[in-house]
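Commentary on secondary and tertiary structure
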Amino acid sequence: MKKVALLGFGTVGGGVEEVLRVNRDEIAKNIGEEVELKYILDIRDFTGTPFEKQVVSDISIIENDPEIVAAAECIGGATIAYDFVKRLLLAGKSVVTSNKELVAVKGLELQAIAREKGVCFLFEASVGGGIPIIRPLTNDLAANRIDEVFGIVNGTTNYILFQMLQCGKDFDTALREAQQNGYAEADPTADIEGIDACRKICILSDLCFGKNVSPESVRTRGITCVTAQDTAFAEKLGYAIKLIARAKRVGEGVSAYVAPHLISSEKLLANVSGVMNAVVVRGNAVGDCLFYGAGAGKLPTASAVAADLLDAVSGRAKSPEWTEAPEGYVIPSETLSSRWYVRAAKSSALGEKFDCVFSENECAAIIPECTETELSGILASIEVRSAFRIIE
Ligand code: HSE
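Everything in this summary refers to the structure shown in the same document. (Residues numbered from 1 in each chain as written. Predicted model: local features only at pLDDT ≥ 70, side-chain atom pairs only at ≥ 80, totals over all residues. Heavy atoms only, no water.)

**Quick look at helix α1 (residues 11-22)**
In this model α1 runs 16 Å from its N-terminal to its C-terminal C-alpha over 12 residues, within 8% of the 16 Å that 1.5 Å per residue would give. Three or more residues of α1 are buried, namely Val 12, Gly 13, Gly 14, Gly 15, Val 16, Glu 17, Val 19 and Leu 20. Of the surrounding secondary structure, the elements contacted by the buried residues of α1 are β1 (2-7), α2 (24-31), β2 (35-41) and α12 (298-314). (Helix = DSSP H or I, 4+ residues; strand = E, 2+ residues; numbered from the N terminus. Expected span 1.5 Å × (residues − 1). Buried < 20%, exposed > 50% of the residue type's maximum accessible area, 1.4 Å probe, protein only. Contact = heavy atoms within 4.5 Å.)

**A closer look at the pairing of strand β5 (residues 94-97)**
Of the two faces of β5, both are covered, the one formed by Ser 94 and Val 96 as well as the one formed by Val 95 and Thr 97. Regarding the hand of the β-α-β motif, the stretch spanning strand β4 (residues 68-73), helix α4 (residues 80-90) and β5 is right-handed. As defined by bridge partners, β5 adjoins strand β6 (residues 121-122) across 2 bridges and the pair is classed as parallel. Across the sheet, residue Val 95 finds its bridge partner in β6, namely Phe 121. (Right-handed = clockwise from strand over helix to strand, strands pointing away. Pairing = 2+ DSSP bridges.)

**Side note on a nonpolar patch on the surface**
Together, Leu 268, Leu 290 and Tyr 292 give the surface a local cluster of nonpolar side chains, amounting to about 330 Å² of exposed area. Here Leu 268 shows up in the loop between β10 (253-264) and β11 (276-283). (Patch = residues over 30% accessible without salt bridge, like charges linked within 9 Å, V, L, I, M, F, W, Y side chains within 5 Å. Areas by Shrake-Rupley, 256 points an atom, 1.4 Å probe, with all protein chains shown as cover. Salt bridge = Lys/Arg side-chain N within 4 Å of Asp/Glu carboxyl O.)

**Quick notes on the environment of Lys 267**
Note on placement: Lys 267 falls in the loop between β10 and β11. For Lys 267, a relative accessible area of 36% gives the class partly exposed. Sequence-wise, Lys 267 and Ala 240 are 27 residues apart; in three dimensions their C-alpha atoms are separated by 9.4 Å.

**Side note on the pairing of strand β13 (residues 338-345)**
For β13, the buried fraction is high: 7 of the 8 residues fall into the buried class. One ladder, built from 6 bridges, connects β13 with strand β16 (residues 384-391); its direction is antiparallel. From the neighbouring strand, Ala 344 faces β16, where its bridge partner is Val 384.

**Quick look at the sheet that holds strand β3 (residues 55-56)**
In space, the 6 strands of this open sheet follow the order β3-β2-β1-β4-β5-β6, with parallel pairing throughout. Unpaired on one side and paired on the other, β3 and β6 mark the two borders of the sheet. When β4 meets β5, the two strands line up parallel, connected through 4 bridges. Across the sheet, the residue bridging to Ala 72 is Val 96, located in β5.

In structure tokens:
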């Protein structure tokens, strides 16, 4: 019997408890012994609930219990969670986490402690919710040189875009539903403004290219700049609009950013709806690999956290690692070429310069491949209302 602890009993933590309890037999069969959830750390009072005996509020109980071999951190944020994870690793316990902020910001340091202590630090659930992506990148695609990784990595914004643009709901209703379904961050600004996607592309970039990318170095735009008019124009032109996080190898560096993009409606990514996420990994041997599944939510995320716990307690895990990046490693995305979608007033010069589609007052065009800096020059005399890259 392996004994584990859970830190944080919110949506994801509740899911982890449920998966370990409901799938107890499958888990025992899979790793050859039972896994017991001995402690649940939470500051709330669970007196009178079935969890009364497991719940503790003092991390040192878990830290000092020699029976505990691993813990799952589902608190979120990079303050208390960081302190607790560090303490447990230093106490020689493996830690698994769904916390993308913690991994993106403190990953290097926590990996070093885990290495020194000979324990695991795993974070499959930090990107793509229930989709296996971290482990395939660490193991199955290890023989590739990865050139690019991009995709839809935030379930809340993909849900909101779908509900607003396909189902005609307003922003606040769509966001409320995402919160009720347990998709959104505690502060949903992190979803809407692309901050959550930024943390995730940092982790993917770190794994794919081996060097640390900090969230501050990633240019990030969220979904608030996408209008119903943009979607209508995009549809007319044969595209869908999605919030894309992308990291691309450029020489010895990497260009990473988050922004709304147009995607040809014929591509699989254009049809990824609701809370679903999809990540494309471009390897020099495998070609394009698409990872698709539920990107957020209680049980899908718990599925990945629990799988990490099983790997940690059974000693079969390989902890993903990366190294410090040299100065200038992150290259500004302004220098990346792509085709562009641009919207402007009908009366503007856009219609004279390019083939356009029109609404009553506005027009939109696809601009041939150029960098963002070149685009600014091309459109210098035009008051641009939207400009989004097209991802090929
Ligand atoms: N808020 C995140 C999302 C949760 O919507 O994708 C999963 O990381």
